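# What the coordinates show
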Amino acid sequence: GAAELESGLVLGIRDYFRKQGLPPGAVIGLSGGIDSAVTAHLATLALGPERVLGLVMPGPFSSDHSVSDALELARMLGIEARRIDIGPIYETYRDAFQRLFGARDDYGLTQQNIQSRIRGALLMAASNEERRLVLATGNKSELSIGYCTLYGDTVGGLAVLGDVYKRDVYALAARANERAPRIPEGSIGKPPSAELAPGQRDEDDLPPYPILDAVLEQAIEGGRGLSG
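Below or above, wherever it landed, is the structure these notes cover. (Residues numbered from 1 in each chain as written. Predicted model: local features only at pLDDT ≥ 70, side-chain atom pairs only at ≥ 80, totals over all residues. Heavy atoms only, no water.)

One recurring pattern in soluble globular proteins: nonpolar side chains tend to sit buried together. If you look at the biggest cluster of nonpolar residues, it comprises 34 residues, and the most contacted ones within it are Ile 13, Leu 30, Val 38, Leu 42, Leu 135 and Leu 161. Looking at this core, the elements with two or more residues in it are α1 (2-19), β1 (25-29), α2 (34-47), β2 (52-56), α3 (64-77), β4 (132-136) and α7 (166-179). When residues of this core are assigned to their parent elements, the largest contribution, eight residues, is made by α2. When neighbours within four sequence positions are excluded, Val 38 is seen to be in contact with Leu 161, Val 169, Leu 172, Ala 173 and Ile 183. Counting 14 residues, the second-largest nonpolar core is a separate cluster that includes Val 27, Met 57, Ile 86 and Ile 118. (Core = buried A, V, L, I, M, F, W, Y, C linked by side-chain atoms within 4.5 Å. Buried < 20%, exposed > 50% of the residue type's maximum accessible area, 1.4 Å probe, protein only. Helix = DSSP H or I, 4+ residues; strand = E, 2+ residues; numbered from the N terminus. Contact = heavy atoms within 4.5 Å.)

Set out below in structure tokens:
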């Protein structure tokens, strides 16, 4: 159940820091979504709120509620949050793309992924400057099919939810809020989105997560291939 899963993940984070002799702190990119919220919740239980830093890094396509949900999460968990707008850095990359590839209104996946990589670089800067381990926030459903950005949201020394399907991330969020409000309802109820393009939703590119999770479980745990 969700309680056992939560206990196991918390123990895993705590043991990883202790046994590896890791720096005393962690840093997490807070997007306002459920994955980063659950990761921050678990890290706070494992390490204590004083050892967890959240970076809120809105970009040109981030919604207002994503920022407010991320900041509300930090308040509810009692962790420090710092906000830095990546818009100016993104525009500098867009200028570089014009010189590299020619003038264009939209560079498609190239400009989507660079936003994630900017955030990854800032997380690594916090890691270097303050000796914090970056905790990656991707879940098993995304990682299993490559719905992530190399050197972007995959940055981190530990992928806390790397073996947790999306359905179980929702179960962990519900478990977190059983005892006291810890994860904003906005983070739980909103349609999953990378927010790297206007109006983007995960389901524009993927099957609905309940279907995807069922297929992945049969393929990964069940060992069923195309012929199965």
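From this point, the discussion proceeds with the structure in view.
This brings us to the pattern of salt bridges. This structure, assessed with the given rule, holds 15 salt bridges. Note that Glu 72 and Arg 75 form a salt bridge whose closest N and O atoms lie 2.8 Å from each other. Linking Glu 72 with Arg 75, this pair stays in helix α3, spanning three residues, or about one helical turn. Taking the shortest distance from any N to any O, the salt bridge between Arg 167 and Glu 217 comes out at 3.0 Å. Placement of Arg 167 in helix α7 and of Glu 217 in helix α9 (residues 209-220) is noted, with a sequence separation of 50 residues between them. The partly exposed category is assigned to Arg 167, whose relative accessible area is 34%. Residues joined in a network through salt bridges with shared partners are Glu 6, Arg 175, Glu 178 and Arg 179. (Salt bridge = Lys/Arg side-chain N within 4 Å of Asp/Glu carboxyl O.)

With that settled, the discussion passes to the packing of aromatic side chains. Applying the stated criterion to the full structure yields five aromatic pairs. Note on Phe 61 and Tyr 90: the rings are 6.4 Å apart at their centroids and 75° apart in plane angle, and the pair reads as edge-to-face. With Phe 61 in the loop between β2 and α3 and Tyr 90 in helix α4 (residues 87-101), the pair connects residues that are 29 residues apart, well separated along the chain. With centroids separated by 5.8 Å and ring planes inclined at 40°, the aromatic side chains of Phe 97 and Phe 101 adopt a geometry described as tilted. Here Phe 97 and its partner Phe 101 are both found in helix α4, four residues apart, which amounts to about one turn of the helix. Classification of Phe 101 by relative accessible area gives partly exposed; the value is 45%. Cluster of aromatic residues (ring-pair linked, three or more members): Tyr 93, Phe 97, Phe 101 and Tyr 107. Taking the ring centre of Tyr 209 as reference, the NZ or CZ of Lys 166 above it sits at 5.2 Å. (Phe/Tyr/Trp six-rings, centres within 6.5 Å; stacked < 30°, edge-to-face > 60°. Lys NZ or Arg CZ within 6 Å of the ring centre and 35° of its normal.)

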